Amino acid sequence: MQAEPADQLARPVTAAHVSPLSPAAQGGVTNLVLGALCGFMVALVWAGWSVATRFAVTTNLGPADVTFLRFGVSSLLLWPVLIRHRAVFWRIGALKLLVMLTGAGVPFMFISSTGMRFAPASHVATLMIGVMPLFVAMLSAGLFGERFTKAQLMGMGVVLAGVVAIGGESLLFNRNGGEWRGDLLFLFAGLLFASYTLAQRRSGLSSWQATAVVNVGSCVLFAPIYLLCLQPRIFSAPIGAVLFQAAAQGVGVAILGLFFYAEASRRLGATRAAIFGALVPALAALIGVPVLHEVPSWATGTGIALVMIGVLLVVTGVSIKKK
């Protein structure tokens, strides 16, 4: 057998040399599929959270109760992370810490759950979770000098049209029901979480470390207020409802949601992983029909579709840094 030239033996294997049936190619496809599944699970967890919280605050529990369960349960699970990495947290800075605790802590949770007393789950998924990437882009432009491509600007316009479709219906046709109050609270909560997102990125903390800081810190600050001043309902509500919300709030969103998002980002990249957030409004609307008996109107359905399209344009566009 003729020997291969030395330069050919030393040549690295590239994608062009990999057979579609080779282990390397199969590993790439498997990684892509697993990343997509993790991204879908993130969307499903967030959609389920919005439906579960809406159900809680309209039945046996109030905003303060779900807020306490959210941070009380998750802090028990995440405090070892805080203890293990405690040396890192001293370098966060007071301002970043304050923004993180406000943007993803008690104020965020209390505002969003209060809004769910007025407006359906499809609204929170669209106006808070769906619009949040738009707020991130706008804050990045205002604070850090990022500019937008034409596709991103078009996407922002489409998102705005979707918000107007949903909010306009609330103002014109359901003013007595107070849906517009919930819609405003959802938009404000989305802005808060966007501020947390930017602060976390610049804090130097990993996703797990940042989540530990927010959940443990929020529990330490809020638990005494809740137990001593806010007349807790968790002691009088059905035990099944409390346990379900403890799992949905403290384990589902805080632990599983973070894990699946981290895995999706690792396997797909941050941009591809963020795209799956556009699925949340549609999934929440679908789950809300059998669970909450909330059938979206034509205006809400149109707004959901517009927001999903707009978010895809904003997330997939490439921002340009100012020189």
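Residues numbered from 1 in each chain as written. Predicted model: local features only at pLDDT ≥ 70, side-chain atom pairs only at ≥ 80, totals over all residues. Heavy atoms only, no water.

1. A short note on the side chain of asparagine 215
Here asparagine 215 shows up in helix α11 (residues 207-229). Engagement of the side chain of asparagine 215 in a polar contact is seen with the side chain of serine 74, the distance being 2.6 Å. (Helix = DSSP H or I, 4+ residues; strand = E, 2+ residues; numbered from the N terminus. Polar contact = N/O pair within 3.5 Å; in protein donor to acceptor, adjacent residues only side chain to side chain.)

2. A few points about the environment of leucine 286
One can find leucine 286 in helix α14 (residues 280-292). What makes leucine 286 exposed here is its relative accessible area of 61%. Note: C-alpha distance between leucine 286 and alanine 47 (239 residues apart in sequence) is 9.3 Å. (Buried < 20%, exposed > 50% of the residue type's maximum accessible area, 1.4 Å probe, protein only.)

3. Focus on the nonpolar core
Counting 72 residues, the largest nonpolar core has Trp46, Trp49, Met100 and Met128 as its most contacted members. It is helix α2 (residues 23-57) that provides the largest number of residues to this core, a total of nine residues. Beyond its immediate chain neighbours, meaning those up to four positions away, methionine 128 contacts Trp49, Phe108, Ser112, His123, Phe186, Ala189 and Gly190. (Core = buried A, V, L, I, M, F, W, Y, C linked by side-chain atoms within 4.5 Å. Contact = heavy atoms within 4.5 Å.)

4. Brief notes about the packing of helix α5 (residues 94-104) against helix α6 (residues 106-115)
Two numbers describe how α5 lies on α6: the axes approach to 3 Å, and their chain directions differ by 20°. Taken as axis vectors, α5 and α6 run roughly parallel relative to one another. Together, Leu101, Thr102, Gly103 and Ala104 of α5 and Val106, Pro107 and Phe108 of α6 make up the contact between the two elements. Here the residues of the contact of α5 with α6 sort into five nonpolar, two polar and no charged. (Axes fitted to C-alpha atoms, helices over the stretch in contact; angles between N-to-C directions. Parallel < 35°, antiparallel > 145°, perpendicular 65-115°, else oblique. Nonpolar A, V, L, I, M, F, W, Y, C, P; charged D, E, K, R; others polar.)

5. Focus: a nonpolar patch on the surface
A surface patch of nonpolar side chains, amounting to about 340 Å² of accessible area, comprises Val29, Val33, Leu34 and Leu37. Checked against the element boundaries, valine 33 lands in helix α2. (Patch = residues over 30% accessible without salt bridge, like charges linked within 9 Å, V, L, I, M, F, W, Y side chains within 5 Å. Areas by Shrake-Rupley, 256 points an atom, 1.4 Å probe, with all protein chains shown as cover. Salt bridge = Lys/Arg side-chain N within 4 Å of Asp/Glu carboxyl O.)

6. Regarding the confidence of the model for the protein chain
Confidence along the protein chain averages 84 in pLDDT terms, with 86% of residues attaining 70 or more. For the protein chain, helix α1 (residues 6-10) is the element with the lowest average pLDDT, namely 43, and α6 is the one with the highest, namely 95. Taken together, the stretch residues 1-24 has pLDDT below 50 and engages in nine contacts with residues farther than four places along the chain or on a different chain. (pLDDT = per-residue confidence, 0-100.)

7. A short note on the pattern of salt bridges
Counted according to the given criterion, the structure contains three salt bridges. Note that glutamate 294 and arginine 54 form a salt bridge whose closest N and O atoms lie 2.7 Å from each other. Of this pair, glutamate 294 sits in the loop between α14 and α15 (298-316) while arginine 54 sits in helix α2; the two residues are 240 residues apart in sequence, bridging distant segments of the chain. The exposure classification of glutamate 294 matches that of arginine 54, with both residues buried. Close ionic contact of arginine 267 with glutamate 263 constitutes a salt bridge, the shortest N to O distance being 3.2 Å. Taken together, the residues span about one helical turn, with arginine 267 and glutamate 263 both in helix α12 (residues 239-268) at a distance of four residues.

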